[in-house]
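Residues per chain, in single letters:
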Amino acid sequence: MSAARILGAPAGARHDHRHCVGQALAEAERACRQQGLRLTPIRRQVLELIWQDHQPVKAYDLIDALRDRGLRTGPPTVYRALDFLLQAGFIHRLDTVNAFVGCGAHGRPHAGMFLICRACGAVLELDAPSPIRLIGVEADRMGFELVTQAVEILGHCSRCRAAGKAVDARGPAAREPTRPVDPEPA
Ligand SMILES: [Zn+2]
Ligand SMILES: [Zn+2]
Ligand SMILES: [Zn+2]
């Protein structure tokens, strides 16, 4: 009844990505107009850069990319633009990889769950009502109030698995994800 659903184009899948970018920018413009928000040139550029791919983008890469475009913007400006885009729901912040990704379902309520490939960095945004509801129920049982409820799951995407890239991902070069529940002893 509530199986997870992929939101937007699946990462790595063959598709016309210009369509994704165009759609994301048009939706942002529409939503801003409707809500009386301003999609300033810098906010628009940051959103466009984040949508360059279905992979998460780090803040310092955005700063570099803007500099390459000839924009002399300091990190505070970029962080403010990111804050705006986050607040407006146009992008998501992925804490496990400390990066940002465009939202594939803006304006539609969705229970965010992200599958993040450790080998290629591709992100799949899912609408996963069942696990999210379960988390809500468990948190509630413990009197814990949820503030954000994005679930980030690290693993290996089907393409990388098919290409055998997942094999060495458990090796010494692989970064272990941070485990919030079981902190490493100092
Ligand atoms: Zn795309
Ligand atoms: Zn989303
Ligand atoms: Zn992958």
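The structure we're discussing is the one just above.
Residues numbered from 1 in each chain as written. Chains lettered and ligands numbered in written order. Predicted model: local features only at pLDDT ≥ 70, side-chain atom pairs only at ≥ 80, totals over all residues.

Caption draft 1: Inspection of the environment of Thr-73 at higher detail. Tracing the backbone shows Thr-73 in the loop between α3 (59-68) and α4 (75-87). The exposure class assigned to Thr-73 is partly exposed, which follows from the 17 C-beta atoms found within 10 Å. Between the C-alpha atom of Thr-73 and that of Ile-42, which follows or precedes it by 31 residues, the distance is 8.8 Å. Discounting residues that sit within four places of it in the chain, Thr-73 has contacts with Ile-42, Leu-66 and Val-78. (Helix = DSSP H or I, 4+ residues; strand = E, 2+ residues; numbered from the N terminus. Buried ≥ 20, exposed ≤ 12 C-beta atoms within 10 Å, placed from the backbone. Contact = placed C-beta atoms within 7 Å.)

Caption draft 2: Summary view of the sheet that holds strand β5 (residues 123-127). The mixed open sheet is built from 4 strands, whose spatial order is β1-β5-β4-β6. Pairing within the sheet leaves two strands with one partner each, and these edge strands are β1 (5-6) and β6 (151-155). As paired strands, strand β4 (residues 112-117) and β5 are joined by 5 bridges and run antiparallel to one another. Its bridge partner being in β5, Met-113 is matched across the sheet by Leu-126. (Pairing = 2+ DSSP bridges.)

Caption draft 3: Summary view of the nonpolar core. Residues Val-46, Leu-47, Ile-50, Leu-85 and Ile-91 are the most contacted members of the largest nonpolar core, which totals 39 residues. Of all the elements in the fold, those that place two or more residues in this core are α1 (17-35), α2 (41-50), α3, α4, β2 (91-94), β3 (99-102), β4 and β5. Here this core spans two domains, and each of domain 1 (14-103) and domain 2 (109-186) adds at least three residues to it. Here Val-46 is in contact with Leu-62, Val-78, Ala-81, Leu-82 and Leu-85, once residues within four sequence places are set aside. (Core = buried A, V, L, I, M, F, W, Y, C linked by C-beta atoms within 7 Å. Domains from an automatic or database assignment.)

Caption draft 4: Structural detail: the packing of α1 against α2. Between α1 and α2, whose axes approach to 10 Å, the crossing angle comes to 150°. Considering the angle they form, α1 stands roughly antiparallel to α2. When the axes of α1 and α2 are compared, the crossing they make is right-handed. Here Val-21, Ala-24, Leu-25 and Ala-28 of α1 lie close against α2, whose contacting residues are Arg-44, Leu-47 and Glu-48. Among the residues forming the contact of α1 with α2, the class breakdown is 5 nonpolar, no polar and 2 charged. (Axes fitted to C-alpha atoms, helices over the stretch in contact; angles between N-to-C directions. Parallel < 35°, antiparallel > 145°, perpendicular 65-115°, else oblique. Left-handed = near helix turned anticlockwise from the far one by under 90°. Nonpolar A, V, L, I, M, F, W, Y, C, P; charged D, E, K, R; others polar.)

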